[in-house]
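Structural overview for review
If you want the building blocks of each chain, they are given just below.
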Amino acid sequence: MGSSATLAPTQSTSQTRPTSRTLVNDRRPAKVQVTTRDPTMARSGRNADPLSAGSDTLKSRSRNVESRRPRGDSRAAEQQQQQQQQPPPPAPWEPAATLLPHTSAPLASRVSIPPVASSAPQTLQPRPLAELSLNAQEAAIIEDLLFVFMGFEGQYIRFAKGYNPYEERDRLSGPQWRILSGLDPSLLDLTQSMLRMASHYTALETFVDVQSREEFGAVNHALCASIRRYLHEYLVMVVQLETQFLNDKNFTLQQLNVHILPSSHLMAHMYGLALELLKRNALLDDDSDESSDSSDDDFDHIIEQLRDGGDLVPGNMTGKKISKGGVVLGLITKRLESLSGDPSARVLLTTLLRDASRPYMAMLNEWLHHGSINDPHSEFLIKEQKSIRRDRLEQDYTDEYWERRYTIRDHDVPPQLEAVKDKVLLAGKYLNVVRECGGVDVSRKMQDVPNSFDDNRFLENISSAYAHANGSLMQLLLTTHELPARLRSLKHYFFLDPSDYFNYFLELGTSELRKPVKVVNTGKLQSLLDLVLRQPGSIVCLDKFKEDVKVEMNEITLLKSLQRVVNITGIEQGEALQLTSNQPLEGDKNATGFTSLQLDYTVPFPVSLVISRKTIWRYQALFRYLLSLRYLETQLSVTWYTHASGTAWTHRSSNRMLEIWKRRVWTLRARMLVFVQQLLYFCTAEVIEPNWQKLMNTLREIENNCAGVTTQDGTSTPRASSAKKPHTVDGLMQEHVDFLDTCLKECMLTNSKLLRIHSKLMQTCSVFATYTNWLSRELEKSDPDLTGNTKPPIMTDDQWRQFLLIRGQRQQQQQQSKDGDTAMENDKNPETRMNELFDVIRKWESNFSRHLQILLDALNHYAATETVVLLSLCARLSTANQGTEYAGLRSEEDGGHGGGS
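Residues numbered from 1 in each chain as written. Predicted model: local features only at pLDDT ≥ 70, side-chain atom pairs only at ≥ 80, totals over all residues. Heavy atoms only, no water.

1. Side note on the overall build of the protein
Looking only at helices and strands, one finds 35 helices and six strands in the protein. A burial count over the protein gives 45% of its 901 residues as buried. Looking at the protein alone, contacts between residues at least 24 apart form 76% of all its contacts between residues at least 6 apart. Working note: accessible area of the protein is about 47200 Å², and carbon and sulfur atoms make up 51% of it. (Helix = DSSP H or I, 4+ residues; strand = E, 2+ residues; numbered from the N terminus. Buried < 20%, exposed > 50% of the residue type's maximum accessible area, 1.4 Å probe, protein only. Contact = heavy atoms within 4.5 Å. Areas by Shrake-Rupley, 256 points an atom, 1.4 Å probe, with all protein chains shown as cover.)

2. Quick notes on unusual backbone geometry
With an omega dihedral of 0°, the bond running from Asp497 to Pro498 counts as a cis peptide bond. If you trace the backbone, Pro498 turns up in the loop between α17 (483-494) and α18 (500-508). Residue Pro606 is bonded to the preceding Phe605 through a cis peptide linkage, with omega at 10°. Its place among the elements puts Pro606 in the loop between β6 (597-601) and α23 (607-610). Of note, the phi angle at Ser378 is positive, near 55°, even though the residue is not glycine. With respect to the secondary-structure elements, Ser378 resides in the loop between α13 (343-370) and β3 (382-384). The phi dihedral of Met748 falls on the positive side, at around 65°, and the residue is not glycine.

3. Describing the packing of aromatic side chains
Aromatic ring pairs: the centre-centre distance and the angle between the two ring planes describe each pair. All told, the structure shown has 24 aromatic pairs when counted by the stated rule. Among the aromatic residues, those joined into a ring-pair cluster are Tyr493, Phe494, Phe495, Tyr501, Phe502, Phe505, Tyr601, Tyr619, Phe623, Trp692 and Phe739. (Phe/Tyr/Trp six-rings, centres within 6.5 Å; stacked < 30°, edge-to-face > 60°.)

4. Focus on empty space enclosed by the protein
A full pass over the atoms with the stated rule returns three cavities of 30 Å³ or more. Forming the boundary of the largest cavity are ten residues, of which Lys745, Thr750, Asn751, Leu754 and Glu866 lie nearest the centre. Here the residues of the lining of the largest cavity are counted per class, giving five nonpolar, three polar and two charged. Volume-wise, the second largest cavity comes out at about 50 Å³. Forming the walls of the second largest cavity are Tyr401, Trp402, Arg405, Tyr406, Lys429, Asn432 and Val433. Examining the composition of the lining of the second largest cavity, we find that three residues originate from one element, helix α15 (residues 421-436), more than from any other. Broken down by class, the residue content of the lining of the second largest cavity amounts to four nonpolar, one polar and two charged. (1 Å grid on protein atoms, 1.4 Å probe; cavity = no way out; pocket = protein on both sides within 12 Å on 5 of 7 lines; lining within 4 Å. Points joined across faces, edges and corners; volume = space filled by probe spheres on them. Nonpolar A, V, L, I, M, F, W, Y, C, P; charged D, E, K, R; others polar.)

5. Topic: the packing of helix α24 (residues 613-645) against helix α27 (residues 729-746)
Relative to each other, α24 and α27 sit at 25°, their axes nearing to 10 Å. Here α24 is positioned roughly parallel relative to α27, judged by the angle of their axes. Every pair of crossing elements has a handedness; the one defined by α24 and α27 is left-handed. Note on element contacts: α27 touches α24 through His736, Val737, Phe739, Leu740, Asp741, Cys743 and Leu744, opposite Thr615, Arg618, Tyr619, Ala621 and Leu622. Across the contact of α24 with α27, the residue classes break down as eight nonpolar, two polar and two charged. (Axes fitted to C-alpha atoms, helices over the stretch in contact; angles between N-to-C directions. Parallel < 35°, antiparallel > 145°, perpendicular 65-115°, else oblique. Left-handed = near helix turned anticlockwise from the far one by under 90°.)

6. Some thoughts on the side chain of Ser357
Along the polypeptide, Ser357 turns up in helix α13. A polar atom in the side chain of Ser357 sits 2.9 Å from the backbone oxygen of Leu353. For Ser357, the contacting residues outside a window of four places in its chain are Leu329, Asn451, Ser452 and Phe453. (Polar contact = N/O pair within 3.5 Å; in protein donor to acceptor, adjacent residues only side chain to side chain.)

7. So, the layout of surface pockets
Considered as a void within the structure, the largest pocket measures approximately 1400 Å³ in volume. Lining the largest pocket are 45 residues, with Ser112, Ile113, Pro114, Gly151 and Phe152 positioned closest to its centre. Put simply, the parts of the chain that give the lining of the largest pocket at least two residues each are α1 (20-26), β1 (157-159), α7 (168-173) and α8 (185-211). For the lining of the largest pocket, a count of residues per class yields 24 nonpolar, eleven polar and ten charged.

8. Focus: the nonpolar core
Formed by 208 residues in total, the largest nonpolar core has its most connected members in Phe149, Leu256, Leu417, Leu487 and Phe675. When residues in this core are grouped by element, the largest group, 19 residues, is from helix α26 (residues 656-706). Setting aside chain neighbours within four positions, we find Leu256 in contact with Ile142, Leu145, Phe149, Met194, Leu241 and Phe251. (Core = buried A, V, L, I, M, F, W, Y, C linked by side-chain atoms within 4.5 Å.)

9. Remarks on the side chain of Ser472
By the element assignment, Ser472 lies in helix α16 (residues 458-480). Overall, Ser472 belongs to the buried group, its relative accessible area being 11%. Looking at Ser472, its side chain comes within polar contact range of the main-chain oxygen of His468, at 2.7 Å.

10. Focus on the pattern of salt bridges
A side chain of one charge can pair with a side chain of the opposite charge when the charged atoms of the two come close. As enumerated under the stated definition, the model contains 27 salt bridges in all. For Glu512, the salt bridge identified is with Lys515, shortest N-O distance 3.2 Å. Under the relative-accessibility criterion, Glu512 is labelled buried at 4%. When the shortest N-O distance is used, the salt bridge between Glu845 and Arg664 registers 2.5 Å. Here Arg664 lies in helix α26 and Glu845 lies in helix α33 (residues 830-865), a separation of 181 residues in the sequence. A relative accessible area of 18% means that Glu845 is categorised as buried. Through salt bridges with shared partners, a single ionic network connects Arg229, Asp355 and Arg358. (Salt bridge = Lys/Arg side-chain N within 4 Å of Asp/Glu carboxyl O.)

11. Here's the deal with the environment of Arg842
Of note, Arg842 is situated in helix α33. Judged by relative accessible area, which is 42%, Arg842 ranks as partly exposed. Residues Arg842 and Val665, 177 residues apart in the sequence, show an inter-C-alpha distance of 9.7 Å.

12. So, the packing of α18 against helix α20 (residues 522-533)
The N-to-C vectors of α18 and α20 enclose an angle of 145°; their axes lie 10 Å apart at closest approach. In the packing of α18 onto α20, the handedness of the crossing is right-handed. Within the contact between the two elements, α18 uses Tyr501, Tyr504, Phe505 and Leu508 and α20 uses Leu525, Leu528, Leu529, Val532 and Leu533. In terms of residue class, the contact of α18 with α20 is made up of nine nonpolar, no polar and no charged.

13. Topic: α27
The α-helix winds at 3.6 residues per turn, so residues separated by three or four positions along the chain end up facing the same way. End to end, α27 covers 26 Å across 18 residues, agreeing with the expected 26 Å (1.5 Å per residue, within 8%). Considered for burial, the residues of α27 that qualify are Val729, Leu732, Met733, His736, Val737, Phe739, Leu740, Asp741, Cys743, Leu744 and Glu746. (Expected span 1.5 Å × (residues − 1).)

14. A few points about the pairing of β6
With five of five residues buried, β6 is to be regarded as a mostly interior element. Side-chain alternation along β6 places Leu597, Leu599 and Tyr601 on one buried face and Gln598 and Asp600 on a second face that is also buried. Where strand β5 (residues 549-553) meets β6, five bridges bridge the pair, whose relative direction is antiparallel. Across the sheet, the residue bridging to Lys550 is Asp600, located in β6. (Pairing = 2+ DSSP bridges.)

15. A short note on a nonpolar patch on the surface
Taken together, Tyr504, Leu508 and Leu531 make up a surface patch of nonpolar side chains, about 260 Å² in accessible area. Here Leu508 shows up in helix α18. (Patch = residues over 30% accessible without salt bridge, like charges linked within 9 Å, V, L, I, M, F, W, Y side chains within 5 Å.)

16. Observations regarding the confidence of the model for the protein
A residue-level look at the protein finds 72% of positions with pLDDT of 70 or above and a mean pLDDT of 79. Counting interchain partners and residues more than four positions distant, the pLDDT-below-50 stretch residues 2-15 has 27 contacts. Scored below 50 in pLDDT, residues 22-72 makes 21 contacts in the model with residues more than four places away or belonging to other chains. (pLDDT = per-residue confidence, 0-100.)

Structure, rendered in structure tokens:
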């Protein structure tokens with residue numbers, strides 16, 4: 001309270017003045033004691049005459065008795081009869097204090113509120129002010145003000161008629177006062193100006209009791225404790241003023257006003273702050289209709305409270321948004337900025353802010369230096385979702401643990417932390433991970449840390465804690481858990497680098513992988529993969545993480561899975577790949593083991609934060625795409641072998657048209673093989689490998705910067721920082737995701753149009769390779785040199801015997817399964833059969849060439865607008881379409897027609 005708090009009596013030896021209460025007591029009547037008879041005796045006396053009227057004997061006896069009584073007895077009876085006829089005296093006014101029930105505010109007043117002065121009996125009312133002299137009026141008003149300053153009514157200063165002291169809302173607003181009539185005008189105005197401070201005190205005292213309840217949080221509790229200290233100093237000032245009033249007969253109302261001016265100023269500022277907080281908490285009416293910006297946070301808090309077994313009752317105040325934590329600190333800061341020109345207000349608000357921020361700073365330091373949150377009232381700027389646990393990481397395809405386990409309450413951030421809130425969030429998240437891995441000594445007490453916002457080390461503390469947490473987690477990931485080795489292991493398995501072991505695995509598992517996906521024995525394939533991975537002479541046999549690779553089957557085709565992710569519209573430039581929710585999709589009924597084969601990878605915590613399920617899905621998408629290309633390349637290679645070794649294909653027929661048809665088949669097969677091989681080379685050598693090297697360079701740079709950064713005792717010895725911005729764990733995670741997203745985009749897996757065109761080309765090539773045996777049989781039936789039993793002149797004896805043996809086996813199989821369609825095919829004449837063969841090859845050529853040209857046109861467009869690297873692929877694939885009728889740029893109409901076919 002400033003100087004007023006140390007106010008001392010100025011005249012201790014002066015004569016003691018009589019107070020107004022002695023003047024009032026002069027006119028009060030002496031206490032009168034009233035005695036009454038026993039009511040039972042009175043009732044018996046009144047009932048005697050009616051009972052005696054029934055008998056003449058009784059009447060005569062009563063007259064004789066009355067004639068014998070003395071006269072004094074008759075007079076006493078008359079007096080008693082008069083007293084009985086008078087009204088009984090009023091009951092004595094004896095107000096008593098009681099204890100109120102406990103609340104969640106431990107220091108709240110539990111003494112009942114005294115009755116209002118207007119309810120006192122008339123005998124206790126004071127003399128009218130008009131009957132007192134001016135000096136007596138001043139003394140009476142000063143004495144009343146000393147009581148009013150403490151929230152009690154005086155004899156002449158009472159609560160206004162509209163004020164109800166038993167209503168909490170009225171007490172929070174502050175009482176209105178009225179002065180009894182008759183006060184001299186020279187004293188009236190001065191008295192009314194001092195009554196505002198009394199209203200502020202009562203309101204602040206109630207505010208402290210209300211805001212100290214449990215649900216308002218630690219920051220409000222600390223603020224109330226600070227205000228309570230000021231109120232204590234205020235009461236000390238009132239006691240000093242009373243002492244001076246009693247000891248100094250010259251103490252005037254003007255002097256009282258001068259003494260309370262500093263305190264009145266401070267009380268007004270505290271009242272303004274309390275009023276704004278009460279309006280935000282809806283404890284007082286507010287004209288402004290403010291929408292709740294953090295309703296989601298309220299819902300989360302309600303859900304967490306229900307999980308913890310709490311009750312949603314009106315007393316818990318969960319239905320309304322309570323201003324606490326950062327909101328309260330922000331409100332004090334805002335008022336401090338607006339009143340910074342007032343020295344006393346600045347000192348007051350600075351003290352309140354310093355005291356209120358202490359529990360908040362304790363939570364902040366606990367979060368920054370231990371990675372844990374001790375926030376029972378949900379008022380810290382970091383919100384913890386306890387329902388999201390670490391054990392769900394294996395099924396978390398949305399990085400929910402890392403993204404939503406700890407989040408920022410954006411609307412509850414104090415202004416002092418607004419610029420560094422992201423750094424505060426990351427520092428605690430990093431340290432929380434290190435703590436869960438046993439890298440933080442939680443029992444170690446924090447020393448020499450700032451405990452208020454105005455500490456000069458406040459921002460330095462946050463920066464140093466962030467650097468320590470980032471360095472600790474980075475070193476844990478790169479050194480202890482060998483993140484680079486994990487990434488190299490992923491490259492070996494998912495990017496087929498090297499692919500020798502996987503080709504061997506495909507050869508061993510061909511019989512199983514050809515089966516429909518629903519009957520594939522996954523356990524057998526897993527055993528074959530484990531056998532291959534332990535085969536000496538391969539790079540993967542030295543991989544210490546090969547036990548984490550698992551084989552699984554995915555019935556959903558790669559095309560459906562990717563289209564579901566990009567949602568048909570594709571990914572716009574600058575956007576990240578967003579995985580959709582796990583909605584069920586229909587599997588491919590014709591899926592085989594080759595088309596459904598998929599690898600999975602088990603990653604322990606905390607490496608699972610970087611190699612999360614979200615990134616594993618990206619690895620799986622790239623793996624399935626590369627596997628489909630390699631499988632198609634294998635099919636076309638088998639087709640090439642058939643064309644190069646089959647008798648029907650190597651024999652030079654005497655039919656010239658048939659030789660022309662075979663050359664067209666060979667050309668189409670070569671074009672398809674070029675298409676697949678160029679696409680596979682582009683994806684591996686020009687997309688994955690360069691981006692992989694960039695990622696590895698970033699990792700090496702991080703390792704060099706983090707070498708020797710953090711020790712167990714918290715000291716750090718970082719190397720000289722480079723010109724680039726420092727690397728963080730979140731930055732590393734984003735670099736990893738960006739690497740995979742770039743690979744998916746440049747491999748044309750995030751564009752719906754390119755996906756559809758590419759799917760049609762792959763399907764055309766696959767059908768062509770699948771029908772190779774059918775073409776061989778049709779070719780044999782169409783060649784006149786091979787239909788008879790005479791050896792062609794240019795064929796050797798061994799080749800002819802081998803051919804006859806194969807033809808005999810085929811004819812025997814046809815006879816066993818002979819039906820009407822087979823008979824009709826055998827009855828076709830050579831010319832009809834030849835025309836059908838040319839129609840088939842023409843359709844394949846047209847379909848492949850048209851879609852390839854559509855793909856080239858689309859690649860040219862996207863290379864010019866989005867991804868430049870696609871221009872290299874366009875140049876490579878253009879060689880597969882040279883010399884055809886579709887070579888060159890197509891019109892927009894043709895492109896649209898071809899894309900829709």
